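Fold and geometry: a report
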Amino acid sequence: MTDTLPTYLSALNPEQREAVLHNGKSLLILAGAGSGKTRVITTKIAYLIRERGVPPSAILAVTFTNKAAREMAERAATIDSRAGYAMLRTFHSFGAWFLRRNARFVGLNPAFTIYDDDDMASLLASLAPEKSRADIKLIAHQISWAKDYFIGPADPELKLINHRKDFQKTYARYEERLAEIGNVDFGDLIKKPADILRSNPSFAEDFRSRFKVIMIDEYQDTNVAQFALLKELCGPETYVCVVGDDDQSIYRFRGAEVRNIIEFPDRFPNTDIIRLERNYRSTSAILRVASSVVDNNKGRLGKTLSAERGAGKIPVLAFLPNQDEEAAFAAHLIENSVQLGASDQPRGGKTAKAKHENEEKGRYSDWAILYRTNAQSLGFETELLRRHIPYRVVGSLKFYEREEIKDALALLSFLVNPRDEISFRRVVNKPARGVGEATVGRVIADAAGGDLWASARRLSPVLPARARAGLSVFIEALESGRSALTYPAGRRDTRAPAGETLFDADEARPPEVGDGAVEKTPAKKAEDAKRIKKAVKKPRTGEKGEIIAGEGLSICVATLIQNAGVAAYHRTHDEIAGNQRIANLQELANAASLYPATADGLLEFLEHIELDRSMEERDTDANVVTLITLHNTKGLEFRRVIITGVEQGVFPRDDKKEEEVEEERRLFYVGATRAMDELYFTSCAVRRMFGQTAIMEPSLFLSEIDKSALRVIGAAPRGFLMKTKLGKRRAKGAKSADEWDIGDRVFSDDHGYGYVKEIRDHATGAVLIIRFDTGKELSFLSNYHRSNLTRIDEE
DNA sequence: TAGTTTTAAGTTTTT
DNA sequence: CTTAAAACTA
C-alpha cells in the first residue's frame, strides 16, 4: 500500500483530487457553493510544495477578503507548515505590496498612503468647488469605475463611462493632483501595478519569474483591471488556476465582470475545466430553493448541485405584518431552538455524545440573520438585546468611520505624507485652535503642491498671533509624533530637519524582483494575530481620559493624539459621547502597539487599516448569533439561516434593471446556500423606510420558488403563491369597508386633509390609497395606521 | 472664528 | 427619521 495517496489527498472526492493533481497550462475550477473549494485550494498549495517541489515563495494565492486570506493561510499550514511562506493576499493588498516596491516606475514615493472613497471625494471637491456634493460623489464613483475597467483619462473608452469632455478633464486633473500629493486610491492599487508591468517589459519579464503559480479564488468577482494585472503577471511558464462560481458573482456594482470567468478558457488557451458540483454543506431541500431562483437567470454557465447530505427540513417562508414582528419572529426561532437544547439537557449522567448533540441543538452560534442593507440590522439588535440573546454584527465598518478615528488617521497620514492636502485640511484646525480658512489657504498656496508641513513652519512667524499660536500647537504635535519614531534603517541622522518627509522620493527603496526577504514567517504572523486579539480586547484608558501609550507604534499614536489636543477636546467637550470617543482612540492606539515604532511600521499600520477595516478577528468559538449583510456572508456557513426583508423594493430593490435583478438573484443564491440544516425567509407586509411606513409586496424571488419547496407561515398576500379565489378575499375586504369607504374625508397629522381614493386588499387587511389635498398620494394600512389617519365624518 | 440653528438630502452591497 | 452641510449669530 505504499503507492496509495497521502491521507490529505485521499480525503478528497475524485473531482477535487483531479483539481489538486492537475498539471498543465491553466485550470478553471467551477466550484458550486459548498463544494469544498477552499479545501481544494489549500490542499493544492500544500501539494505543490510537497510533491512538486514548488518553493512556497513562488506561489501567489489571491483571495477576495483579508479574512479569507487569513483563513486560507491557516488551513494550508495545517497540511504543510511551509505553506505559510506562500504569498496569500487580496488583490488590493498584493497591489499595495507590489507598488511599494516598484513605485519608482511611476514616479511615486513608496511611502504613499491609500485614499478611501471619502478622501477621493474631498480631493475632487477641492478641484471643483463649484460642484455639488452629489456631483462629486458621482464623479468619484465614475473614476473608480474607470479604474476598475482599466481605463485611464486618455483612453478613448472613457466615453463609455461618461462621454462628457469635462469628466475626462476632471479625471485627468484628479490624477495629476493625486500624483502631486503622492498618494493612491483603491483603483490605483490594481491599475498602477498593471501599468508598470505593461510599460516596462524587461522588468516585467524578470518579475514574472518570481511567481510560478498563481491561484485566484472568487474569480467570478474579479474586474477588468484585475484581469489585466493577472495577464501581466503570467509568463509562458506560469501555472494559473482560478476558482469561482458564476452564480455567486455579486460585486458588479464594484466593477466585477462575470465575463472574466465565463470567457476564461478563451483568454487562457489550453485551459482545462473541472467542475465541483457535489455540495457537502446544505440539505437538498435548501439547494432546491436556492437553485430554483438562480435558474431564472439567463447569462450563466449552468450547473447542477447534488446534495450529499440528504433531504432535510423544508425551508420556511414567514409572512409577517411588520419589522417588529419580523425581529420578534427571528428572536423567537432562536430562543426556541436554544431553550429546546437546554431543556433537553440531561439531568443525570448521560453519554458524552448525547450531551454533545444537545449542545449543538442549543447554540446561538448556529444562527445567522441575513439582510440586504446594514440599516436593517438595527431592529434585530434591539430585539435581541431586549431578550438577552447574545449577538455580533459582522462587517459594519463603523469603527473606522467614526469622526475621531478618521481625524486620528488623518493626523497619522499627514505625518507620513506632509504633501497630503486632504489630511492637512481635515486636521490642521481640529480641535479648533484659531487656524481659519484664510491661514489654511496661505499655507497651501505657499506649499504649491509640496510639503505643507514645511510651509506651515515657514509661514508661522509672519502670521497673526492667534493663527501663529494655533499652527505652532499643530506643528509641535506632529513633531512629537515623529520623534516617537525611529527612522528607517540606513539613515544616519535621526534628527530630521523641520518639515521633512519621513521618506524622500530619492530615498526610495530599490526595486524588488522576487526576493521576498522581508516577508514574515508563519510563526511571526500567528504571533502577531494573537497580539492583535489581546490588544484589542483590553482597551485601557487613563483615569483622566488621556490616551495611554503601550508599546511600539502606540507611543507615536498616543503622543500625537494627546499633543494635538484631540483627547482633551473630547474630554471637555462632551462628557458622555466624549468618553466613548476617547475609548475608541485608545483602541486605535492599542491596535498600533503591534507595529514597530518606525516610519515603516506606521505605514504598515495605515495600510492595514485602509485595506482591512473589518477590525474584528472572527472569534469562531463565541456562542453568539451572527447579524450580517448578504454580501458579507460569502464564504461562510451556518447551521440555521434567516434571510430577512425578502420584499420587493428591499431585495431586490425596485429600481433594478434586468441585469441587476440577475445579480440580486445570485445574491439570493449566495445567502440561501450558506445554510446547512435550516433556512427561513421573512417577508413583511409593512416596513418603515425613509422615515415613512411603506406597504411591501413579497419579493419577486419568492414567486419563483415552487410552492411545494417551502412551508408558508402567516397570511400570504393575495395573488401570491397560493391560488386563492378572488371572492374569498373580497368578503374580507368588505369587512374593512364598513370602516372605510371610497371618498371618505380623512385627516393626517403629517399630510393634512385628503380623501380615500382607493381601497385594496393586502395580507394584513385593507390598504387605503389616500389622495391628499396637497396632491400627494400615499398608501396606508388600515390596521396599522389608525393613529396617523382619522376619518372626518361629513354630513 | 465658534457654536448654534436651520435646512436639505439621503439610505445598497465593499476592497 | 437621521445625518450632514449651510447659514446665521455672537
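Here is a short report on the structure shown in this document. Note that the structure is a prediction, hence the values are computed from the model and not measured.

Looking at where Tyr400 falls in the secondary structure, it is placed in helix α18 (residues 398-401). Along the primary structure Tyr400 and Asp677 are separated by 277 residues, whereas in three dimensions their C-alpha atoms are 35 Å apart.

Time to look at the packing of helix α6 (residues 117-127) against helix α7 (residues 133-148). Relative orientation of the contacting elements α6 and α7 amounts to 115 degrees, with a least axis distance of 9 Å. With respect to the hand of their crossing, α6 and α7 are arranged in right-handed fashion. Between α6 and α7, the contacting residues are Met120, Ala121, Leu124 and Ala125 on the first element and Ile136, Ile139, Ala140, Ile143 and Ser144 on the second. Along the lines of polarity and charge, the residues of the contact of α6 with α7 split into eight nonpolar, one polar and no charged.

Right, let's talk about the nonpolar core for a bit. Counting 56 residues, the largest nonpolar core has Leu412, Phe424, Leu553, Leu588 and Phe605 as its most contacted members. It is helix α19 (residues 403-416) that contributes the most residues to this core, nine residues altogether. With residues up to four places along the chain from it excluded, the contact list for Leu553 reads Leu485, Ala592, Ser593, Tyr595, Pro596, Ala597, Thr598, Gly601, Leu602 and Phe605. Counting residues in each nonpolar core, the second largest holds 44 residues, with Phe651, Phe668, Met696 and Phe701 among its members.

The next point concerns the sheet that holds strand β19 (residues 711-713). One open sheet accounts for seven strands, arranged β13-β14-β12-β15-β16-β11-β19; its pairing is parallel. The outermost strands of the open sheet, each flanked by one partner alone, are β13 (391-393) and β19. Taken over all neighbouring pairs, the strand axes of this sheet differ in orientation by 20 degrees on average, direction set aside. Bridging between strand β12 (residues 367-371) and strand β14 (residues 625-629) involves four bridges; their strand directions are parallel. What sits directly across from Ile369, in β14, is Leu627. Its contacts with the sheet place helix α17 (residues 377-386) against β12, β13 and β14, and it is angled at close to 170 degrees to β14.

Turning next to the protein's contact with DNA strand B. DNA strand B sits among 27 residues. The nearest are Arg254, Arg372, Ala432, Gly436 and Asn632. Here DNA strand B approaches the protein such that, of its atoms within 4 Å, sugar and phosphate make up 62%. Here a base oxygen of DNA strand B and a side-chain polar atom of Arg372 are 2.3 Å apart. Classifying every residue of the surface near DNA strand B by side-chain character gives eight nonpolar, 10 polar and nine charged.

Glancing now at helix α21 (residues 437-447). Among all positions in α21, only Thr439, Val440, Val443, Ile444 and Ala447 are buried. For α21, the arc enclosing every buried residue in end-on projection is 130 degrees, short of the 170-degree limit, so these residues lie on one face. Those residues of α21 that are exposed and aimed more than 90 degrees away from the buried face are Glu437, Ala438 and Ala445. Of the residues one or two after α21, Ala448 is the one with positive phi, at around 45 degrees.

Next up on the list: the side chain of Glu662. The residue Glu662 is located in helix α29 (residues 658-672) in this model. Despite being buried, Glu662 has no salt bridge partner; Arg666 is the closest side chain of opposite charge, sitting 4.5 Å away. There is a polar contact of 2.8 Å between the side chain of Glu662 and the backbone nitrogen of Lys298. For Glu662, the contacting residues outside a window of four places in its chain are Asn296, Asn297, Lys298 and Gly299.

Taken in spatial order, the six strands line up as β3-β2-β6-β7-β1-β8 in an open sheet, and their pairing is parallel. In this open sheet, the two strands that pair with only one neighbour each are β3 (87-90) and β8 (271-276). Across this sheet, the average inter-strand angle for adjacent strands is 15 degrees, counted without regard to direction. The sheet contact formed by strand β1 (residues 26-31) and strand β7 (residues 239-244) spans five bridges and is parallel. Counterpart to Leu27 in the pairing with β7 is Cys241. Where helix α4 (residues 66-79) meets the sheet, its contacts fall on β2 (59-63) and β3, and the angle it forms with β3 comes to roughly 160 degrees. The strands that helix α5 (residues 91-102) touches are β2, β3 and β6 (213-216); relative to β3, the one it contacts most, it runs at about 110 degrees.

What counts, and where the lines are drawn
- All residue numbers here refer to positions counted from 1 along the written sequence of the relevant chain.
- Chain labels run from A onward and ligand labels from 1 onward, assigned in the order the entries are written.
- Restriction of local features to residues with pLDDT of at least 70 applies here, the model being predicted, together with a cutoff of 80 or more for giving and counting side-chain atom pairs; totals for whole chains, interfaces and linings are based on all residues.
- Based on all heavy atoms of the structure, the side-chain values leave hydrogens and waters out of the count.
- Strands are runs of DSSP state E lasting at least two residues, helices are runs of H or I lasting at least four, and both sets are numbered from the N terminus onward.
- The axes used here are C-alpha line fits, helices contributing only the stretch in contact, and every angle between their N-to-C directions lies in the interval 0 to 180 degrees.
- Each helix crossing is assigned a hand: it is left-handed if the near helix lies turned anticlockwise from the far helix by less than a right angle, otherwise right-handed if that turn is clockwise.
- For this analysis, residues touch if any pair of their heavy atoms sits within 4.5 Å.
- Under this grouping Gly is polar, as are all residues other than the nonpolar Ala, Val, Leu, Ile, Met, Phe, Trp, Tyr, Cys and Pro and the charged Asp, Glu, Lys and Arg.
- Put simply, a nonpolar core is a bunch of buried Ala, Val, Leu, Ile, Met, Phe, Trp, Tyr and Cys residues held in one set by side-chain atoms that sit within 4.5 Å of each other.
- Only protein chains enter the calculation, and the probe is 1.4 Å; a residue is then buried if its accessible area is under 20% of its type maximum, exposed if over 50%, and partly exposed in between.
- Here, any two strands with at least 2 DSSP bridges between them count as paired.
- The cutoff for a nearby residue is simple: one of its non-hydrogen atoms must lie within 4 Å of the molecule or strand.
- N or O atoms closer than or at 3.5 Å make up a polar contact, with two conditions inside protein: a donor-capable atom paired with an acceptor-capable one, and, for residues adjacent in sequence, both atoms drawn from side chains.
- Directions pointing from the helix axis toward each C-beta atom define the arc.
- When charges are counted, neither His nor the chain ends are considered; positive counts come from Lys and Arg and negative counts from Asp and Glu.
- Take a side-chain nitrogen of Lys or Arg and a carboxyl oxygen of Asp or Glu: if they are within 4 Å of each other, that pair is a salt bridge.

In short, geometric facts, not functional conclusions.
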